Structures are given as C-alpha cells and as structure tokens.
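Here is what each chain is made of, one letter per residue.
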Amino acid sequence: MILSMTGYGRARQTLGGRDITVELRSVNSRFLEYSSRIPRAFSFLEDPLKKLVAARVSRGKVELSLTVQSVEAADTVVSVNWTLAKGYHDALVHLSEQLELKNDMTTGMIARFPDVLTQTAAPLDEDALWEDVRTVAEQAVDAFLTMRATEGEKMREDLLSRLDTVETLVAGIEANSAGRVQAYTDKLYTRLKELLDDRNIDESRILTEAAIFADKTAVDEETVRLRSHVSQYRAILAGDGPVGRKLDFLTQELNREANTIGSKCQDLDITRLVVELKAEIEKIREQLQNLE
C-alpha cells in the first residue's frame, strides 16, 4: 500500500465523562516532523501521543490537535470549611439574640460568606484519561492513514502510467539507435568518395572509423539499465511500506542514464526523445515528493 504524505484524520468520542476530539493533518517533508496542540493541563499526554503517531507514520510534517471537554466528569471539587461556617452561624445567632431581631439566616446566606465554600481541582486519573485519549487518537490515525492510502493509490497509478511512457521512449531510442552506425558508415563512405573522386577508398579505414563512432555513441548499456530501473520501480510500487526514499534514488539513476544518452547521441530524433524522457522523469520526481 503506497501512502501519500498529505492527509487528514479526525475522531471524536465521549469517554469517561469527557468529550475527546483528536485531529491529524500532514504535508510533505523529507522526514517525520511532529508537532501538537494540547491543552496545558494535559501536557503529560504529549510524549505518548507522539510515540503513537511515530509508530505508524514515517514521513511528513504531522500536526496533532487534542481537545478535551468535561461532560460528566467533575473538573473541580467544592469543599465546605465547616469551622468557618459554624463560626458565621454562631455569630449570627448571637447577633439575633443581642439585638432582639428575628433570626432569618439561611444556608445560602452562610454559603455566600467568604471562604465558606472553596473550589479545588479534582484528582485526575492520568492513566485512565490516557486510555480514553489513546482510543480516540488511534481512530483518528486510522482515518488519517485511510486518506493517505487513497491519495497514495492515485499517485501509484500515475507513476505506473509515466513508467509506461518512459519505456515507450526508451524503445524509441533503441529503434533509432539501431541503424545509426550503418547510416554513419554510408555517410562517411559517400563523403570520402566525393573528396577522393575516383581514387580508391580504404574500406578498412571506413570500418575502423565506424567502429570508433559506434563505441563512442553506443547507448545499449544505458537503455538496458533504464529498463532495469523501471522494473525495480514497479516492484517497489507493488510492495508495502514507505517507498519514497527508495524511489527517489531510482529516479536519480533514471535521470543519470538519460543524461548519458543525451551526451552521447548526435542524432536529432534521439535528442528529441531524450528531451521527452527527461521531462517525464522530472514529472515522476515531482510526484515522488508527495509519497511517504
């Protein structure tokens, strides 16, 4: 399965009385670059979330976003300062008796006095919260990788199509190269005949020159290697796991062979084919920048 480096995934669930949402998005990068946006109160989740992503993603600039909102779980605990509350109560009773006033105090009245009620953060079970967040994060990563796989399949099909074009161009170069030595020999013979008029032409000299020309301009080795690289390309695309770096190396080799053919050939038709070949290889290289 070929994966694109661009992708998006989102998952949301209510677990443990909390509404948990995890989002993942990524763009191209030579290596895995991870960043996150996590509420400060849950910063202890930073490292395990990074490891979870790194275990399933090898390349790309990945950003994870986590939001956690309480639905049923208590974030705070309200405590009563019983000593202070009783002190306010006794003082009000005494005040009522001394002033001979009706005692109309209520619980709400006492609760409004300073420091009778205090709020403290509820104890957080970090392990339980991590289990809930991990469940949602794994779902987000699944969705993220599904999108990457869908995009990757489209890229794989495009690359295979371009490899077909490369092979067609290589076949054209081979066909044009086949008769090139004979054409050079005939041209050389005709030229010498014009220069020497009716004098005898050294046939062995012509054959020697033709052999030198053939040796300098032969592209058989390059076309064989091109076909071999294309075959390896297809084998890698048919496999699993990250392929970007392997194919990047092979693309460099394709370009190297194309450049060598271009430097050797002295034929206009072959030159045109080489230009098309290099253009197609460049399109392949650009597409590779999107593959994991």
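Coordinates for the structure precede this section.
All values reported here derive from a predicted model rather than from experimental measurement.

**What about the nonpolar core?**
The biggest cluster of nonpolar side chains holds 28 residues, and the ones touching the most others in it are I173, Y233, L237, L247, I261, L277 and L291. For this core, the secondary-structure elements that each account for two or more residues are α4 (126–178), α7 (220–237), α8 (244–264) and α9 (268–288). Ignoring any residue separated from it by four or fewer positions in sequence, one finds L237 in contact with I2, R156, L159, L160, L163 and L247. Of all hydrophobic cores here, the second largest spans 27 residues; its members include V22, V53, L145 and A149.

**A short note on α8**
Taking 1.5 Å per residue, 21 residues should reach 30 Å; α8 reaches 30 Å between its end C-alpha atoms and fits that length. When we look at burial in α8, the residues that qualify are G244, L247, L250, T251, E253, L254, E257, A258 and I261.

**A word on α9**
Here α9 spans 30 Å end to end across 21 residues, near enough to the 30 Å set by a 1.5 Å rise per residue. Buried residues of α9: I270, L273, V274, L277, E280, I281, I284, Q287 and L288, and no others. For α9, the buried positions fall inside an angular range of 140° around the axis, keeping them on one side. Opposite the buried face of α9, at more than 90 degrees from it, the exposed residues are L268 and V275.

**A word on a nonpolar patch on the surface**
A cluster of nonpolar residues, V78, V80, W82 and L117, forms a patch on the protein surface that exposes about 420 Å² of accessible area. On the secondary structure map, V80 appears in strand β5 (residues 76–80).

**Looking at the packing of α7 against α8**
Running from N to C, α7 and α8 point in directions that differ by 160°, and their axes come no closer than 10 Å. Compared by their axis directions, α7 and α8 come out roughly antiparallel. Like other packed secondary-structure pairs, α7 and α8 cross with a definite hand, here left-handed. Every residue of α8 that contacts α7 at E222, T223, R225, L226, H229, V230, Q232, Y233, I236 and L237 is listed here: K246, L247, L250, T251, E253, L254, E257, T260, I261 and K264.

**Re the pairing of strand β3 (residues 32–37)**
Sheet analysis places β3 next to strand β4 (residues 60–70), joined by six bridges and oriented parallel. Note that in β4 the partner of L32 across the bridge is G60. For the crossover from β3 across helix α1 (residues 46–54) to β4, the handedness is left-handed.

**Concerning the packing of α8 against α9**
Relative orientation of the contacting elements α8 and α9 amounts to 165°, with a least axis distance of 10 Å. Taken together, the axes of α8 and α9 lie roughly antiparallel to each other. Viewed along their axes, α8 and α9 form a crossing whose handedness is left-handed. Listed contacts from α9 to L247, D248, T251, L254, N255, A258, N259, I261 and G262 of α8 are I270, V274, L277, K278, I281, I284, R285 and L288. Looking at the contact of α8 with α9 residue by residue, the classes come out as ten nonpolar, four polar and three charged.

What counts, and where the lines are drawn
- Residues numbered from 1 in each chain as written.
- Predicted model: local features only at pLDDT ≥ 70, side-chain atom pairs only at ≥ 80, totals over all residues.
- Heavy atoms only, no water.
- Core = buried A, V, L, I, M, F, W, Y, C linked by side-chain atoms within 4.5 Å.
- Buried < 20%, exposed > 50% of the residue type's maximum accessible area, 1.4 Å probe, protein only.
- Helix = DSSP H or I, 4+ residues; strand = E, 2+ residues; numbered from the N terminus.
- Contact = heavy atoms within 4.5 Å.
- Expected span 1.5 Å × (residues − 1).
- Arc of directions from axis to C-beta.
- Patch = residues over 30% accessible without salt bridge, like charges linked within 9 Å, V, L, I, M, F, W, Y side chains within 5 Å.
- Areas by Shrake-Rupley, 256 points an atom, 1.4 Å probe, with all protein chains shown as cover.
- Salt bridge = Lys/Arg side-chain N within 4 Å of Asp/Glu carboxyl O.
- Axes fitted to C-alpha atoms, helices over the stretch in contact; angles between N-to-C directions.
- Parallel < 35°, antiparallel > 145°, perpendicular 65-115°, else oblique.
- Left-handed = near helix turned anticlockwise from the far one by under 90°.
- Pairing = 2+ DSSP bridges.
- Right-handed = clockwise from strand over helix to strand, strands pointing away.
- Nonpolar A, V, L, I, M, F, W, Y, C, P; charged D, E, K, R; others polar.

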